[in-house]
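Chain by chain, the residues run as shown.
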Amino acid sequence: MTSELSALAWGCVLGLVHIFAAAHLKTRQYGASWNVGARDEALPPPTPLTGRLIRAQANFLETFPFVAAAILIVVAAGLSTDATRIGAWLWLAARVVYLPLYAAGVPVVRTIAFGASLIGLVMLLWPALSLTL
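As the structure is a computational prediction, the values presented were derived from the model and not from experiment.

**Q** What is the right way to look at the nonpolar core in this model?
**A** Soluble globular proteins: nonpolar side chains tend toward being buried together. Counting residues in hydrophobic clusters, the biggest one holds 14 residues, and the most contacted among them are F64, V67, I71, W91 and L124. The set of elements that each furnish at least two residues to this core consists of α1 (3-30), α3 (48-76), α4 (82-104) and α5 (107-132). By residue number, the principal contributor to this core is α3, which donates six residues. Once residues lying within four places of it in the same chain are set aside, the contact partners of V67 are W91, L121 and L124. The next biggest cluster of nonpolar side chains, apart from the first, holds ten residues, and it includes A22, L99, L101 and A103.

**Q** What is the right way to look at the side chain of T84 in this model?
**A** Position of T84 relative to the elements: it lies in helix α4. A polar side-chain atom of T84 sits 2.6 Å from a polar atom in the side chain of E4. Setting aside residues up to four positions removed in sequence, T84 forms contacts with E4, V74, L79, M123, L124 and P127.

**Q** In this structure, what is going on with unusual backbone geometry? I would like to understand it.
**A** Negative phi is the rule for most residues except glycine; trans is the rule for most peptide bonds. Phi at R39 is positive, roughly 60°, even though this residue is not glycine. Within the secondary structure layout, R39 lies in the loop between α2 (32-36) and α3.

Reading the values: rules and limits
Residues numbered from 1 in each chain as written. Predicted model: local features only at pLDDT ≥ 70, side-chain atom pairs only at ≥ 80, totals over all residues. Heavy atoms only, no water. Core = buried A, V, L, I, M, F, W, Y, C linked by side-chain atoms within 4.5 Å. Buried < 20%, exposed > 50% of the residue type's maximum accessible area, 1.4 Å probe, protein only. Helix = DSSP H or I, 4+ residues; strand = E, 2+ residues; numbered from the N terminus. Contact = heavy atoms within 4.5 Å. Polar contact = N/O pair within 3.5 Å; in protein donor to acceptor, adjacent residues only side chain to side chain.

So this is what it looks like as structure tokens:
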């Protein structure tokens, strides 16, 4: 398995961490009956920590498909380079750092971590994009 695909597999694990962290706090706030129910009732706003984890999860799920596609393009087209390997792991490391920063409510450093993940994504996409220029 390529290094990029390994990073993608660990990205899937990180996605599950996002989902279960947010779900755990929502269940703790709203109760087990809410979790196993139809969830039709109106709920009070989430606590600040729960809200941050919900937003961090949404942010991850918005960007993950692009990283997954970029990695699959690189691997399928045989475009893997040192830069794409670094980009994949930079993306993953930045996303791992992003979650606790967001949960803690750290404003500026969290945005820097997000920016680093985007740099990793661009590093992944660059070989495929440069072929089309």
